[in-house]
Amino acid sequence: MTSVDHRSAEEIGRTATGPRPVPELGAQKAAADLSHVDTVLSNGLRLLAVRKPTVPLVELRLRIPFGGTAPLHAATAEVLAETMLTGTARRDRIEIDTELALIGGELDTVVDPERLTISGNGLATGLPTLLDVLADALTGASYVDDEVARESARLVERLAVSRTQPRVIAREALLRHVYGDHPATREVPQAADVEQVTPEAVRALHTAAVLPRGSVLVIVGDIDPERIAADVERVLGGWSSDASAVVMPGLPEVTGGDLLLVPRAGAVQSQIRLIAQSLPRTDPRYAALQLANMTYGGYFSSRLVENIREDKGYTYSAHSGFEFTGTTATVGVDADTANEVTAAALLETRYELGRLAVVPPTAEEVESVRQYAVGSLLTATSSQAGLASQLAALTAAGLGVEWLAEHPRRVAAVTVEEVAQAALDFFAPARFTGVVVGDAETLAPQLTALGGVTVGEPGK
């Protein structure tokens, strides 16, 4: 074949009279009717089982509130998550891995200051095995001394690497700037604390904190929800306690104020992180605020991205988005920049915040982000894994399938005026605070000249 036999992309996109018009967007499809059961079992565990038979698989998400204020809680919780599936009274590590492999499945654990999450998947026909292994870990995890020591040593090595990463440094600096010593700031434990964790402490934490009451189990897949509810009640019936899982203390409200320049000597890039108080998903204004956020920086064609990436080339990636913690929410803005353009990027980031508030989104902008918001939600929940993760996140606010099914209609009903009001109320620059992490000697003169930036002490 020669080039004569093919048309270029430019030729395909044009007609004899000019550029080929982009087709109109199709009609918005309604969310699927998801057959489900949402109930609380006798042990206090909330079960949300959803039928989605697209493939003969099943996805599982167990979220256990896991708050704690003890000095070594974060380190002990991290070790617990690393070793929970390394053996039980009935199965050693190899037996656990073998049984899961036979059903094409896996189980993984991860912990943060708010929750312990166990995620799993496998063949739908293997769900009884998946649940049995899960129940065994919940009620009989052994935390053998050698396994705890081995995983703790690996964790120390990973933490040492993680704490050198600019994004981790910026995240911790931001959390400490806005929340002080709140437990939420301990997302990455100190390696020295991990070295102090004993197997006895891990076993004690499991007994005291791995509890069903107040926890949520989400199961999505090729299942019969009614039958699964009975199966889970039977298999997890032995996991019980009169106590409730420990909820992390509520976050203090974020108030606007100066940004903190966090010194990182010798850094050639800077991390800009802004944050403001926002609205939870349960608030009637959330849909309007969601569209305002997307207009500002929530997708690739947003105002912020067009300005500091596409137009000025200050950053490869700029983004704004929500973070939900319990029943509260914040909106954050992040961008990484070279030192020489950090001050200019911050100036334009603030400018776009102000512009969103006083030059509200147009009808065209609102319609564009509306289509994107609904489309991205439907895409994200089209797979079993995506739907399970989305529902697990919603359960933290007491929501479920109904909220998810109705949200596209809420977004469709939002008016341009409501989006403009949300932008004015929640995206005014004065509502934001945050940090800039970078080489203070290079950055301080220009950033302090902008105003609203204070310089922190090295090592703080």
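Conventions we followed
- Numbers given for residues are sequential positions, taken from 1 along each chain in its written order.
- Under the rules for a predicted model, residues below a pLDDT of 70 receive no local features and side-chain atom pairs below 80 are neither given nor counted, while totals for whole chains, interfaces and linings still include all residues.
- In computing side-chain properties, one takes all heavy atoms of the structure into account and sets aside hydrogens as well as water.
- Only DSSP runs of H or I covering at least 4 residues are called helices, and only runs of E covering at least 2 are called strands; the numbering of each starts at the N terminus.
- In this treatment the radius of gyration is a C-alpha quantity, and the globule benchmark scales as 2.2 Å times the residue count to the 0.38 power.
- Residues are treated as being in contact if the distance between any of their heavy atoms lies within 4.5 Å.
- For every accessible area listed, the method is Shrake-Rupley and the probe measures 1.4 Å; residues are considered covered only by the protein chains on display.
- In summary, the charge assignment counts Lys and Arg as positive and Asp and Glu as negative, without counting His or the chain termini.
- The atom standing in for a charge is NZ when the residue is Lys, CZ when it is Arg, CG when it is Asp and CD when it is Glu.
- For Phe, Tyr and Trp, where Trp contributes only its six-membered ring, two rings pair if their centres lie within 6.5 Å, and the inter-plane angle classes them as stacked under 30 degrees, edge-to-face over 60, or tilted in between.
- Exposure is judged per residue with a 1.4 Å probe applied to protein chains only, and the accessible area is read against the type maximum: over 50% gives exposed, under 20% gives buried, and values in between give partly exposed.
- UniProt positions are given in the numbering used here, feature names are shortened, and annotations may be inferred rather than shown by experiment.
- To estimate how far a helix should reach, multiply one less than its number of residues by 1.5 Å.
- Here, a salt bridge means any side-chain nitrogen of Lys or Arg that lies within 4 Å of a carboxyl oxygen of Asp or Glu.
- In this scheme, strands are said to pair when DSSP sees at least two bridges between them.
- To get an axis, a line is fitted to the C-alpha atoms, and for a helix only the part in contact is used. The angle between two axes follows their N-to-C directions and goes from 0 to 180 degrees.
- Like-charged residues are merged into a patch within 9 Å and nonpolar side chains (Val, Leu, Ile, Met, Phe, Trp, Tyr) within 5 Å, provided each residue has over 30% relative accessible area and no salt bridge.
- Take the buried Ala, Val, Leu, Ile, Met, Phe, Trp, Tyr and Cys residues and link them wherever side-chain atoms come within 4.5 Å; each set so joined is a nonpolar core.
- Each polar contact in these results corresponds to two N or O atoms within 3.5 Å; when the atoms are within protein, one needs to be able to donate a hydrogen and the other to accept it, and residues that are neighboring in sequence are counted only if both atoms are side-chain atoms.

## Some words on the overall build of the chain
A count of helices and strands for the chain gives 17 helices and 14 strands. For 460 residues, the compact-globule estimate of 2.2 N^0.38 gives 23 Å, and the chain sits close to it at 25 Å. When the backbone C-alpha atoms are referred to their principal axes, the chain occupies close to 70 × 55 × 55 Å. Counted over contacts in the chain with a minimum sequence separation of 6, partners at least 24 positions apart contribute 81%. In the structure as shown, the chain presents an accessible area of about 21,400 Å², 55% of it carried by carbon and sulfur atoms. In the chain, 39 positive and 59 negative side-chain charges are present, and the distance between their average locations comes to 2 Å.

## Side note on unusual backbone geometry
Trans is the prevailing form of peptide bonds, just as negative phi is the prevailing case for residues other than glycine. For Tyr143, which is not glycine, the phi dihedral falls at a positive 50°. Tracing the chain through its elements places Tyr143 in the loop between helix H4 (127-140) and helix H5 (145-162).

## Side note on the packing of aromatic side chains
Any aromatic ring pair is given by two values, namely how distant the centres are and how the planes are angled relative to each other. Per the counting criterion, the structure on display carries 7 aromatic pairs. The interplanar angle of 45° and the centroid separation of 4.8 Å between the aromatic rings of Tyr299 and Tyr372 together place this pair among those described as tilted. Here Tyr299 is found in the loop between helix H10 (286-298) and helix H11 (303-311), whereas its partner Tyr372 is found in helix H13 (residues 363-380), with 73 residues between them in sequence. Residue classification places Tyr299 among the buried positions, given a relative accessible area of 14%. On the basis of relative accessible area, Tyr372 is assigned to the partly exposed category, the value being 38%. Between Phe427 and Phe432 the ring centres are 6.3 Å apart and the planes differ by 40°, which places this aromatic pair in the tilted class. According to the relative accessible area criterion, Phe427 is buried, its value standing at 0%.

## Focus on the UniProt feature "domain: Peptidase M16 N-terminal" (unreviewed entry) in the chain
When the UniProt feature table is mapped onto this chain numbering, "domain: Peptidase M16 N-terminal" (unreviewed entry) sits at residues 77-187. Taken end to end, residues 77-187 has its terminal C-alpha atoms 11 Å apart, with 57% of it in helix and 14% in strand.

## Some points on H10
Given a rise of 1.5 Å per residue, 13 residues ought to cover 18 Å, yet the end C-alpha atoms of H10 are separated by just 14 Å, more than 12% below that figure. Counting buried positions over the 13 residues of H10 gives 13, a clear majority of the element.

## Things to note about the pattern of salt bridges
Per the stated rule, a full pass over the model turns up 32 salt bridges. The salt bridge involving Asp222 is made with Arg51; its shortest N-O contact spans 3.4 Å. Here Asp222 is found in the loop between strand S8 (216-221) and helix H9 (225-235), whereas its partner Arg51 is found in strand S4 (residues 46-51), with 171 residues between them in sequence. Take Asp222: its relative accessible area is 29%, and that puts it in the partly exposed class. For the salt bridge of Asp132 with Arg90, the shortest nitrogen-to-oxygen distance reads 3.0 Å.

## A closer look at the sheet that holds strand S13 (residues 433-438)
Taken in spatial order, the 6 strands line up as S11-S12-S10-S13-S9-S14 in an open sheet, and their pairing is mixed. Strand pairing shows two members of the sheet lacking a second neighbour, strand S11 (318-325) and strand S14 (453-455), which therefore form its edges. Pairs of neighbouring strands in the sheet enclose a mean axial angle of 20°, with direction left out of account. Here 9 bridges tie strand S10 (residues 269-277) to strand S12 (residues 328-338), and the two strands are oriented antiparallel to one another. Bridge assignment links Arg273 to a residue of S12, and that residue is Asp334.

## What about the side chain of Thr185?
Positionally, Thr185 belongs in the loop between helix H6 (166-179) and helix H7 (191-194). Setting aside residues up to four positions removed in sequence, Thr185 forms contacts with Glu172, Leu175, Arg176, Tyr179 and Gly180.

## Details of the environment of Arg350
With respect to the helices and strands, Arg350 occurs in helix H12 (residues 342-358). Residue class for Arg350 comes out partly exposed when judged on its relative accessible area of 22%. With 293 residues separating them along the chain, Arg350 and Leu57 place their C-alpha atoms 46 Å apart. Excluding its chain neighbours within four sequence positions, the residues that come into contact with Arg350 are Leu259, Pro429, Leu450, Gly451, Gly452 and Val453.

## Quick look at a nonpolar patch on the surface
Nonpolar side chains collect at one region of the surface, where Val55, Leu57 and Leu123 lie side by side and expose about 210 Å² of accessible area between them. Considering the arrangement of structural elements, one finds Val55 in the loop between S4 and strand S5 (57-65). Judged by its relative accessible area of 35%, Val55 is partly exposed.

## Looking at the nonpolar core
In terms of nonpolar packing, the biggest core is built from 54 residues, with Phe66, Leu138 and Ile219 touching the most fellow members. Core analysis: the next-biggest nonpolar cluster, separate from the first, contains 45 residues, Leu261, Val333, Val411 and Phe427 among them.

## As for the environment of Thr433
As for its placement among the helices and strands, Thr433 is situated in strand S13. The exposure class of Thr433 is buried, given its relative accessible area of 4%. Spatially, the C-alpha atom of Thr433 lies 34 Å from that of Ser119, the residues being 314 residues apart in sequence. Sequence-distant contacts of Thr433, that is, excluding residues within four places in its chain, are made with His177, Val178, Val254, Thr255, Gly256, Gly257, Asp258, Leu259, Arg273, Leu274 and Ile275. Within the local environment of Thr433, its side chain forms a polar contact with the side chain of His177, the two groups lying 3.0 Å apart.

## Some words on the sheet that holds strand S7 (residues 115-123)
One open sheet accounts for 6 strands, arranged S3-S4-S8-S5-S7-S6; its pairing is mixed. Because the sheet does not close on itself, it has two edges, and the strands there are strand S3 (36-40) and strand S6 (106-111). With direction set aside, neighbouring strand axes in the sheet form an average angle of 10°. Both S3 and S4 contribute to a ladder of 5 bridges, which runs antiparallel. Following the sheet pairing, Val37 is matched in S4 by Ala49. Against the sheet, helix H2 (residues 73-83) contacts S6 and S7, and its axis sits at roughly 175° relative to S6.

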